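# Descriptive structure summary
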Amino acid sequence: MRSRTTLVAALAALAAPLAPAHAAPAVQPPASRPPAVQPPAARPAAARATVEEARLDRAVPREILARSGFDAVAPGFAAALEDAGSYAAAERAVARHGSRLWQRAVDRVRGRGPAGGDLARDDDRPLYWARLAMTRELRSWEPGFALPAEARERLLDRLETSSRGQDTIRYPAGKGVKRVLVTGFDPFTLDRDVRISNPSGAAALALDGTLIRTADGHLARVETAVFPVRWADFADGEVERTLRPHLPRVDAFATVSQGRVGRFDVERHNGAWRGGFGDNENVSKTGPVPVPDPASQPQWTVTTLPYARITAADTGRFPVYDNTSVTEVPAGGTAPVVRPGGPTPGSAARAGGGGDYLSNEIAYRATLLRDRLGLPNLPGGHVHTPVLRFGAGNTGEVTDPEFLRERADITAQVRAIVAVAAAGR
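Read on for an overview of the structure.

### Here we look at the overall build of the protein chain
Looking only at helices and strands, the protein chain features 13 helices and 14 strands. The buried share among the 425 residues of the protein chain stands at 56%. Residue pairs in contact within the protein chain that sit at least 24 positions apart in sequence constitute 77% of those at least 6 positions apart. Of the roughly 16,200 Å² that the protein chain leaves accessible, carbon and sulfur atoms contribute 55%.

What follows is the structure, given as structure tokens:
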């Protein structure tokens, strides 16, 4: 996810950061494909679906849910809510069904259990759309007991964290296995093409709970979580709440998102600036990244990933670059300037190497947290994957051979990059 200005210019050249080159207006699948998730016939007037949830009524999300077997998730969750006779029971149902959704998505990618349909197992989209179907059910649920707005919000928050793997990060005891934490993102820019998948989310599902052999021959346990593409959730501290308990105990971490066409990037510098590009709720935010204790907030943070080793290693078919470029307002200046070699002393951030969108922000927040926790030697930073594109001429199908091949190759290369990042510590 990269800067708004860079994104707009690059889209015209089919090289947009975090904007898939295939992003033509979505073409609805043939009507013969049965809708799997029917819009409710009536909802309470007060229960308005969010912008994200409203996209569930399009044909493509319904097809993705039906072809993965995840179309039964929301009805099962709604039935559990109807059986809840108290807030405590509702909270248990939310936590149980949220965690079950995350584990089901991980299991599907890992080849455990039935596929549930003909959609490829390594697809991240069923998790995304099923979660939204669940939040819409919870938002419109009218229980038989009093449920104040703030209590419903707590339930929604619990559903989000449990269905994203954020509260199930567990590492084995002892020192025989290294610990690595990797994060991914939801699909986004869905009003441009509702079929979009996010390879960082797919990689997170594929890596969660796996053992990998690092480049120096050690075993490492990888735990993952997925984050929303919403400014408000980041301002509420979701990144810090998820990562803070684990950073002091891990051997490496990498925040991952979709970036440029045809290449990986290790982003050297992260900037304290939001550039305003619309999120999944079509909300735009511009200004400094809001963090606790802004008086001590630096304009820039720096990766501690071993970028030289990563870029030199044979990790897969896509080239991997050490990206040092930033956009800054120089000390004493008023206009933004692109600095290919990194920020200059006293400058104000306008875009990190990862732009000024939420990928830059998760990298900034994670590395700032690393620094504030006093972990200067902990390898950590941001990796941008290539853009995941559909095959030439595919303007309506939800999958095709090129799409599947690229997603599998990106996931395999993320795994290889993580193995290099976790070595030598």
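### Brief notes about the nonpolar core
Of all hydrophobic cores here, the largest spans 42 residues; its most connected members are Trp 129, Leu 138 and Trp 141. Elements with a minimum of two residues in this core: α3 (59-66), α4 (73-83), α5 (87-110), α6 (125-140), α7 (149-163) and α8 (199-207). In contact with Leu 138, other than residues within four places in its own chain, are Phe 77, Leu 81, Val 94, Arg 152, Leu 155, Leu 156 and Leu 159. In this structure, Val 256, Val 266, Leu 305 and Val 414 belong to the second largest nonpolar core, which totals 25 residues.

### Considerations on the side chain of Asp 186
As for its placement among the helices and strands, Asp 186 is situated in the loop between β1 (178-185) and α8. On the accessibility criterion, Asp 186 (3% relative accessible area) is buried. There is a polar contact of 3.5 Å between the side chain of Asp 186 and the side chain of Arg 131. Within the local environment of Asp 186, its side chain forms a polar contact with the side chain of Arg 164, the two groups lying 2.8 Å apart. Filtering out sequence-adjacent residues up to four positions away, Asp 186 remains in contact with Tyr 128, Arg 131, Arg 164, Asn 198, Val 226, Phe 227, Pro 228, Val 229 and Asn 280.

### With respect to the sheet that holds strand β14 (residues 380-385)
Across the sheet, seven strands lie side by side as β2-β3-β1-β4-β14-β5-β10; this open sheet has mixed pairing. In this open sheet, the two edge strands, each paired with only one partner strand, are β2 (210-213) and β10 (320-323). The sheet shows a mean angle of 30 degrees between the axes of neighbouring strands, taken without regard to direction. In terms of strand pairing, strand β5 (residues 264-267) meets β10 through four bridges, oriented parallel. Bridging from a neighbouring strand, Glu 267 pairs with Asn 323 of β10. Sheet contacts for α8: β1, β2, β3 (219-227), β4 (252-258) and β14; angle to β3, the most-contacted strand, approximately 135 degrees.

Cut-offs used in this document
Residues numbered from 1 in each chain as written. Predicted model: local features only at pLDDT ≥ 70, side-chain atom pairs only at ≥ 80, totals over all residues. Heavy atoms only, no water. Helix = DSSP H or I, 4+ residues; strand = E, 2+ residues; numbered from the N terminus. Buried < 20%, exposed > 50% of the residue type's maximum accessible area, 1.4 Å probe, protein only. Contact = heavy atoms within 4.5 Å. Areas by Shrake-Rupley, 256 points an atom, 1.4 Å probe, with all protein chains shown as cover. Core = buried A, V, L, I, M, F, W, Y, C linked by side-chain atoms within 4.5 Å. Polar contact = N/O pair within 3.5 Å; in protein donor to acceptor, adjacent residues only side chain to side chain. Pairing = 2+ DSSP bridges. Axes fitted to C-alpha atoms, helices over the stretch in contact; angles between N-to-C directions.

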